[in-house]
Structure formats: structure tokens, C-alpha cells
Protein chains: 2
Amino acid sequence: MYELFDLYEKKKPEIRMDAGQLDIPPDSRIVEELRKYMDEFKYAPTSGLEELRGKIAEIHGVEASETVVVPGAKFGVAALLHGVKDVTLIAPHWPGYRHIAELNKANLHVIRTSLEHGWMPDEEFEVKGALVINYPNNPTGVVADKKFLEFLRESTRGLIVSDETYSDIYYDGKPASIIDLTFENCALVYSFSKTFSFPALRLGYVIAPRDVVKKVVEYIRATVTCVSPFIQRAAILALELKNEIGEKIRKTLHERVKVFSSTLGSCGFRFLEPRGAFYFFIDVEEDGTVFSRRLLDKGVSVFPGEFFGKYRTFIRASLTVPREKLVKAAKLFCEVARN
Amino acid sequence: MYELFDLYEKKKPEIRMDAGQLDIPPDSRIVEELRKYMDEFKYAPTSGLEELRGKIAEIHGVEASETVVVPGAKFGVAALLHGVKDVTLIAPHWPGYRHIAELNKANLHVIRTSLEHGWMPDEEFEVKGALVINYPNNPTGVVADKKFLEFLRESTRGLIVSDETYSDIYYDGKPASIIDLTFENCALVYSFSKTFSFPALRLGYVIAPRDVVKKVVEYIRATVTCVSPFIQRAAILALELKNEIGEKIRKTLHERVKVFSSTLGSCGFRFLEPRGAFYFFIDVEEDGTVFSRRLLDKGVSVFPGEFFGKYRTFIRASLTVPREKLVKAAKLFCEVARN
């Protein structure tokens, strides 16, 4: 995966639709806020600034002691899965979870889903150990409803790690969250990289019962020590602006979804239009890796479906370029498919 | 340890000499550089920006591929010790190493040293698994020479993790570094928190043979993803200013060492004057925790020796306050000792 990413970095194709890195710069008020606090040079508390934790708690209707600030959503998932022997994923899935499980030498169990079943698990499956879920989903764009989350809760004895990185990016109604249920044995993970288009903040948070939060704090204590105070200061403002920024990014991305979907659909590709997040997981009905290479020759980079589980005939396209480029890209998809 | 730290944070004693958090603000040019690059909002490469790795390589006379940028020295140590079953420390030692070993459920082996032996290990000891060393040392201030490092190398079959966080803070000649030896099976860890007095950067680096670097990169990939690009940009300038800033901080801290040492020595405390870092590890000849409490009542905070291994009659004082306060503090130490 990283080899291909490195190839893209070198080749610099005109239309980059590979990584989940939005082209939209972050809100200038957040950047200014960072500049303002830039000279806060000391360590911050291990679990995060009180003001930020308070803000997070307020947004989610939990106690501040049930929140902890982490350097990115992936770190949050890694902290929650630390020492966990069995990890269950629902495929297709973000490759990061596999990297974490591999690092921990955990046994990985994968529940497969298919485009035909709307990327939802069939009724019969078994969750071993902790279950990691990710709705709105990367790469499929499907969204979970409360009933489905409840069903997953009932099927899981271990911890449910709900990566809600894309929770603000939805196109037909706010998705359900794991903490809409009684959240015993559940943890929510959030990222500032997508809604705020600011991966460079390396910031996220975890919401979980106190004993789980304690585990995350111990993990922070033995690794990164804390998150930069100036980054946390900017995050407080970011959360205050979340509704406004969220609405703006949803509008932009929804337009992209529409335009890409209609051009792509017109030449017969099989895919589910995303209801959240900003990816299209497309059946190209040939080897996805080969398709990706041919697409690259035309100046468009995407990731093969292999990266997200064994989806050999699929590719993932990220809506990380402006509208006009998306139209061009979709046409090139059609061209590649015809030849 | 953290309970006491929290107590200090609440009580806000006049003279804070507990944590290793310098009072000196970072060089304003570094802060300005951070402001300048603040809007680099994307992900950075997993192992660090090429320019920064090149700069690190240049300073240490290694290849860029033997370097990797990490979010703090502790993270570097954690990455290097990941999956290591046996970890040997030389006591007294920074508590962070113990937190890492505990997180990893590693077997911890401790080589004890004493004030009488100049805080150096006796001739007979056994290193099991990886050895973590830290010279200039926190908390004792002792420095290792090349011969001693060679001796440790010969005694160790596993990896040597050399935490050289304080390598720029020395008072009688630049200390030896682990990479002055052929550095097979050795890793150097560096931090931007001390020389540059900028813990909020959450920045450090690791220098090691390529296979060890690869392991650290995999750890980053499965946890923090990368270090903020704007922080790395500021680090490039910081390293360019390192000689100048290092000289300045050494001068300031050396003055502090002298003044604190002379006042403290005059009332008979037993300690070794630090040759590096900025801590005094003092034998108070009574229970260090009790002594710390009595000192706190007089407005001075320090850490009991217990935090650094089983040094019950010791306390650690950080030179993290200006000269005038140090004189006052030393006098209060004497007062507490007399009563």
C-alpha cells in the first residue's frame, strides 16, 4: 500500500484520488487560533486540557472524565486495542486497523460484506474479542442506523471500538453514534482530520467509560506523554465552529458525490452511492490493481480494493479533488473501463 | 507519581522544582518558524520530512535512512521497546522507561547504582534483553564516557536504547554518544523538549540501523501516522540554531548548577554535582517523601527518590526556576533538613 502511495508521491498524477486527504484548506480562524497559542511551550495534562475535554463532553452529552484527547483517531484505536488478543473487523475496512492488529500480534477476524448486500454483514457471523466498526464507512460510504448498532452490541462480548471519524460527513441525515446506546463496553473515536480538513493537527479524541479512558491515558503516558497544548487550544475553537464548518464541508462533498456518481453511473460501473464519508468503492469488474495502473497512465490515482480487504475487482476513489477534476476523472474511469 | 504532580498543579507552590519542565521560553525564531508553516495542513511522510531527516543525518554523520522523526523521545523509546520481552534499566532512572515496560508487560530488570560508586554500575551485572541507558542522566546528572559505553555494548546482546535527551546539556565537555561506536544493535533517541525548551512540540528523533528504523516506522504507522509537518518545519530551523541555543542554555543552567550546589553543599547534603542535564539527586538522609511534603509546606516542590527506583532517602530537584529562586530554595532545603 505504502509502495503505491510512494509511487503516486513521485509520479504526481494530475488528479489525486488515492489517500483520504482533502484538498480543502482548514478554516482560517482555526489556523489563526493555532498561531495565537503557539508560544504555549510546556507539557499539557496527559488526558488533555480541561477546557477541551469539557467542550467534547458538552457536545456528546457525557462527563469530561469520560473523554480523553489523543494524537489522531488511529492512536485512539491503537490505545483501545492495546493488549487485545482478538480483533474483529468488518470488511471492506480501513487498512489502519489491520496495521494496529499486526503491530500487536493480535488474531485478526474478518466479517466479509458485499456490494450485493449493501456492505452490511449477513445475519450469521461471530465477533471474537474486540469489534472495530467505522460508520460512515471508509471505503464504502455506508452509514449505520441505531438498530444495526444495537445488533452489533448484542453480538459483541468484548469492547466495541466505533471509529466515528466521518460522523460529520453525511448526506441524508446525521448518522447514529455508538454512544446513542448505553455505552458500557463501547468507545467512540473521533478525528479532527476530516471535518476540519486538518490532518496536520494530529488530533482526535476518545469517549468511553472511565475504566476504558484510564487505559487510554496509561497508553498516552507510556508513548506520546500528551498532545501539544497549542493544538488543543485550536481544537476548542474548532469544536465551537463544528456545526458551521460541518455544514459547509457536507455541502461541498455532497456536490462532489452527485457529480461523480452521475458521470460514473452513466457508463455502467457498479457501486453504492456513499451516504457518508467521501469515498466511492467501485467494482471495476477486472483486477483493481491493473485498473489502477491504467488509470494512473491517464493521470488519475486511486487505491486498489485489495488494500481494504480481499476485494480484488474493486478500487477506492477519494473525492479529494474539485468538481471539475471529478468530472474529468469519472470520464477517464469510463475510458479505461472501455479499453 | 502523577498524583503528587497533580497535587503540585493544584497547590501551585512558589518554587516548582518537580517536573523536568524548564521555565525558559523557546527561542522566538523557532516560534516564528512554526507560525510561518502553520497552514501546512496535510499529512507528512511516516518517517518524517526528507529535509528534516537530512539535517539530522548531517548533524550525526549518518545516512538519512538511518533516521526517523518521532513525537517525543518517550515515543521513540516506546517504539524501540515494542514487543521486547526483557528490558534492563540502570537505576536511578527516569520513570518513563518503567511505564513503557509495564505497558508492554515486559520483564523489568534493574541494575542498581549508588551515590558512593558515582552512580555507575558495579562491575558485576547482567543485562537481560534490551538495555535502556540515559546519559547525561536524569536524575543523577552523571555523564558516560566512550569507554563506559563500550563496556555496556560488550555486556549487552539485545538492543541498546540510548536516550540522549540531555546530550546538549553538559558542563565539562561534550558527552560521548552511543553512535560514536559502530552502532550495530544500538539506537539513539533525541528530544526537542530540553535543549530547545519546547515540550509542546512533542518532537524527537531516533537514529538506528535501517532494520531498527523500519521497526520504528511500523510503530508510527500503527499509532500516530506521522508528526505534524509544521512542527517538523520548525525543527529544521531549531537544528540549524542548535549550537547557538545549546551554548546559551548550557551557560544559564551551569550558573544554576553552581549556585544551587554551593548553597546546598554548605549545609551538608550528600549529592554529586551534575555534569549534565539539570537535576540534583540528593540524599536527604530521611524519608524522601516526608521531606518533599515538608518542603512543599515551605513552597518548594520536588520529586521523591522513590519515583526513580528504590531510593527512599533521596529527592530529585530540577533546576527549572531562575537563579534567585534557586538560592531561596536551597536555603529552604537546609531549613527543612535542620528541623
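The paragraphs below set out a description of the structure included in this document. (Residues numbered from 1 in each chain as written. Chains lettered and ligands numbered in written order. Predicted model: local features only at pLDDT ≥ 70, side-chain atom pairs only at ≥ 80, totals over all residues. Heavy atoms only, no water.)

1. Notes on the environment of Glu9(A)
Residue and element names in this part refer to chain A.
(1) Moving on: Mapped onto the elements, Glu-9 comes out in helix α1 (residues 2-11).
(2) Moving on: Taking relative accessible area as the criterion, Glu-9 reaches 37% and is therefore assigned partly exposed.
(3) Moving on: For Glu-9, the side chain forms a polar contact with the side chain of Arg-16, separated by 3.1 Å. (Helix = DSSP H or I, 4+ residues; strand = E, 2+ residues; numbered from the N terminus. Buried < 20%, exposed > 50% of the residue type's maximum accessible area, 1.4 Å probe, protein only. Polar contact = N/O pair within 3.5 Å; in protein donor to acceptor, adjacent residues only side chain to side chain.)

2. A look at the nonpolar core
(1) Moving on: Membership of the largest hydrophobic core comes to 129 residues, with the highest contact counts inside it found for Phe192(A), Phe198(A), Phe230(A), Phe192(B), Phe198(B) and Phe230(B).
(2) Moving on: By size, the runner-up hydrophobic cluster in this structure holds 66 residues, among which are Ala106(A), Ile220(A), Ala187(B) and Tyr219(B). (Core = buried A, V, L, I, M, F, W, Y, C linked by side-chain atoms within 4.5 Å.)

3. Some words on the relation of the copies chain B and chain A
(1) Moving on: Structural alignment of chain B on chain A gives an RMSD of 0.0 Å, achieved by rotating through 180° and translating 0.0 Å along the axis. In symmetry terms, the pair is related by a two-fold rotation axis. Using C-alpha coordinates, one finds that chain B approaches the rotation axis most closely at Arg35(B), a distance of 2.7 Å.
(2) Moving on: By residue overlap, the copies meet face to face through one surface: 100% of the interface positions of chain B are interface positions in chain A. (Least-squares fit on C-alpha atoms with pLDDT ≥ 70 in both. Contact = heavy atoms within 4.5 Å.)

4. Focus: the sheet that holds strand β8 (residues 204-207) of chain B
All names here are of chain B.
(1) Moving on: Taken together, the seven strands give an open sheet; going across it, the order is β2-β8-β7-β6-β5-β3-β4, and neighbouring strands pair in mixed fashion. Pairing within the sheet leaves two strands with one partner each, and these edge strands are β2 (67-70) and β4 (107-112). Along the sheet, successive strands turn relative to each other by an average axial angle of 20°, direction set aside.
(2) Moving on: Direction of pairing for strand β5 (residues 130-133) relative to strand β6 (residues 160-163): parallel, over a ladder of three bridges. In the sheet register, Ile-133 faces β6, and the bridge partner there is Ser-162.
(3) Moving on: Packing of helix α7 (residues 210-221) onto the sheet brings it into contact with β2 and β8, and relative to β2 it is tilted by some 25°. (Pairing = 2+ DSSP bridges. Axes fitted to C-alpha atoms, helices over the stretch in contact; angles between N-to-C directions.)

5. What about the environment of Val227(B)?
(1) Moving on: Within the element layout of this structure, Val227(B) appears in the loop between α7 and α8 (229-240).
(2) Moving on: Between the C-alpha atom of Val227(B) and that of Val31(B), which follows or precedes it by 196 residues, the distance is 17 Å.
(3) Moving on: Those residues in contact with Val227(B) that sit more than four places away from it in its chain are Arg202(A), Ala44(B), Val69(B), Val70(B), Pro71(B), Leu203(B) and Gln232(B).

6. Considering the interface of chain B and chain A
(1) Moving on: Of the residues lining the interface, 49 residues belong to chain B; the matching set on chain A comes to 49 residues.
(2) Moving on: Carbon and sulfur atoms make up 64% of the area that chain B and chain A hide from each other, which totals about 3,900 Å².
(3) Moving on: Together, Phe41(B), Tyr43(B) and Leu103(B) form the three largest contributors to the area buried by chain B at its contact with chain A, with a combined 19%.
(4) Moving on: Applying the counting criterion to the chain B and chain A interface returns two salt bridges.
(5) Moving on: The closest approach of N and O atoms between Arg35(B) and Asp39(A), which form a salt bridge, is 3.9 Å.
(6) Moving on: At the surface where chain B touches chain A, the tally comes to 19 residue pairs in polar contact (both at pLDDT 80 or more).
(7) Moving on: At the level of secondary structure, the elements contributing two or more residues to the side of chain B that touches chain A comprise α2 (28-37), α4 (73-81), α5 (95-103), α7 and α8 of chain B.
(8) Moving on: Looking at the side of chain B that touches chain A element by element, the count peaks at four residues for α2(B).
(9) Moving on: Within the side of chain B that touches chain A, the residues separate by chemical class into 27 nonpolar, eleven polar and eleven charged. (Buried area = accessible area lost by both parts, 1.4 Å probe. Salt bridge = Lys/Arg side-chain N within 4 Å of Asp/Glu carboxyl O. Nonpolar A, V, L, I, M, F, W, Y, C, P; charged D, E, K, R; others polar.)

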